[in-house]
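Below, each chain spelled out in residue letters.
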Amino acid sequence: MRELITDDGRTLAVEEWGDPTGTPVVYLHGSPMSRLARYPDESLFHELGVRLITYDRPGFGGSTPKPGRRVIDAASDVATITDALGLHRFAVFGVSGGGPHALAFAARYPERVTRLGALASLAPRDAAGLDWTAGMSEGNRHSAAMAVTGREAVTQHLANLGTANFPPLPEIEQAVLSRPEISAMIGSAFAEAVRPGLDGWVDDVRALFGTDWGFDPADISVPTRIWHGGLDTLVPPAHGEWLAARMPTATLIRQDDAGHGGHFDATPAMLTWLVGDVRAHGRPSTGRP
């Protein structure tokens, strides 16, 4: 783990995986997760020549909390990390609650993004024309209801869930998460996420479910792929469809037989696409012009 300090004095905990000389790809983890979340078979990163960079969002794991943060705030944190690593242009992708945070960086720093990916991503709570909670599981509907009532309500809601185990999930998701390699990774990533307490989880719920993101996905101009499982009830597929329709440079890949956890099986193809342009046209620059 590497610790970096932001301009406002916070600590960001950063991890790297795969080929240290490979094509840089920044990964934004889901919620409640940590920098330890990633595709569980790390041989994929070496096979594709990927230098995967992950970090704890504020309040998770080793990163300092930032109460009241919005989704757009992730953009400056990613910029801080990649500046410290000497990276100017790179691919970015996020899963689930990490999807909006990946979009945030592309919205604010389009000149730094080669390609953008989002798997099983939420749409904004105020998405025009989207029935935001339609088809959503009871647990996430409850979290969404608490998010708009205030931080104290979210804190109590999550405290009632507890941190001993990952929150209960539908059967289709349990089938994926029961795979030994995924179960081991998720277990350690979740434990690290909540190790310091609930701050990161609370602020993620508030940022994702209860407040304005601070940007419009329609303004994103970089090549984008959006993947969504048609059987997803944690983040219903209408969210991915709304994002793809809203974003002029986005392509939607809908897998009708997959749930939320299907993003694990979709990751190899997404990573291959994310680094494909770099393979064809050379590595991204590693310093500012």
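For the structure itself, consult the block above.
Everything quoted here is computed from the prediction, not taken from an experiment. (Residues numbered from 1 in each chain as written. Predicted model: local features only at pLDDT ≥ 70, side-chain atom pairs only at ≥ 80, totals over all residues. Heavy atoms only, no water.)

Caption draft 1: A look at the side chain of Thr82. With respect to the helices and strands, the residue Thr82 is situated in helix 2 (residues 73–84). At a separation of 3.3 Å, a polar atom in the side chain of Thr82 contacts the main-chain carbonyl oxygen of Ala79. Once residues within four sequence positions are removed from consideration, Thr82 is found in contact with Val26, Leu87, Phe90 and Arg112. (Helix = DSSP H or I, 4+ residues; strand = E, 2+ residues; numbered from the N terminus. Polar contact = N/O pair within 3.5 Å; in protein donor to acceptor, adjacent residues only side chain to side chain. Contact = heavy atoms within 4.5 Å.)

Caption draft 2: Inspection of the sheet that holds strand 8 (residues 250–255) at higher detail. Here we have 8 strands laid out as an open sheet, ordered 1-2-4-3-5-6-7-8, and mixed in their pairing. The open sheet is flanked by strand 1 (2–5) and strand 8, the only strands paired with a single partner. Here the strands of the sheet are splayed against their neighbours by 25° on average, with no regard to which way each runs. As paired elements, strand 6 (residues 113–119) and strand 7 (residues 224–229) share 4 bridges and run parallel to each other. What sits directly across from Leu119, in strand 7, is Trp227. Contacts between helix 2 and the sheet are confined to strand 1, strand 2 (11–18), strand 3 (23–28), strand 4 (50–55) and strand 5 (90–95), with strand 4 contributing the most and set at about 130° to the helix. Sheet contacts for helix 3 (residues 98–108): strand 3, strand 5 and strand 6; angle to strand 5, the most-contacted strand, approximately 150°. (Pairing = 2+ DSSP bridges. Axes fitted to C-alpha atoms, helices over the stretch in contact; angles between N-to-C directions.)

Caption draft 3: Representation of unusual backbone geometry. Between Ser31 and the following residue, Pro32, the backbone shows a cis peptide bond with an omega angle of 0°. Mapping Pro32 onto the fold places it in the loop between strand 3 and helix 1 (43–48). The backbone of Ser96 sits at a positive phi, close to 55°, despite the residue not being glycine. Secondary-structure assignment places Ser96 in the loop between strand 5 and helix 3. Judged by its relative accessible area of 14%, Ser96 falls in the buried class. Notably, Ala120 is not glycine yet its phi reads approximately 55°, a positive angle. Tracing the chain through its elements places Ala120 in the loop between strand 6 and helix 4 (138–147). Residue Ala120 is classed as buried on the basis of its relative accessible area of 0%. (Buried < 20%, exposed > 50% of the residue type's maximum accessible area, 1.4 Å probe, protein only.)

Caption draft 4: Molecular detail of the pairing of strand 3. For strand 3, the buried fraction is high: 6 of the 6 residues fall into the buried class. Across 5 bridges, the pairing between strand 3 and strand 4 is parallel. Looking at the pairing, Val25 lines up with Leu52 of strand 4. Handedness of the crossover joining strand 3 and strand 4 through helix 1 is recorded here as right-handed. As paired elements, strand 3 and strand 5 share 4 bridges and run parallel to each other. Note that in strand 5 the partner of Tyr27 across the bridge is Phe93. (Right-handed = clockwise from strand over helix to strand, strands pointing away.)

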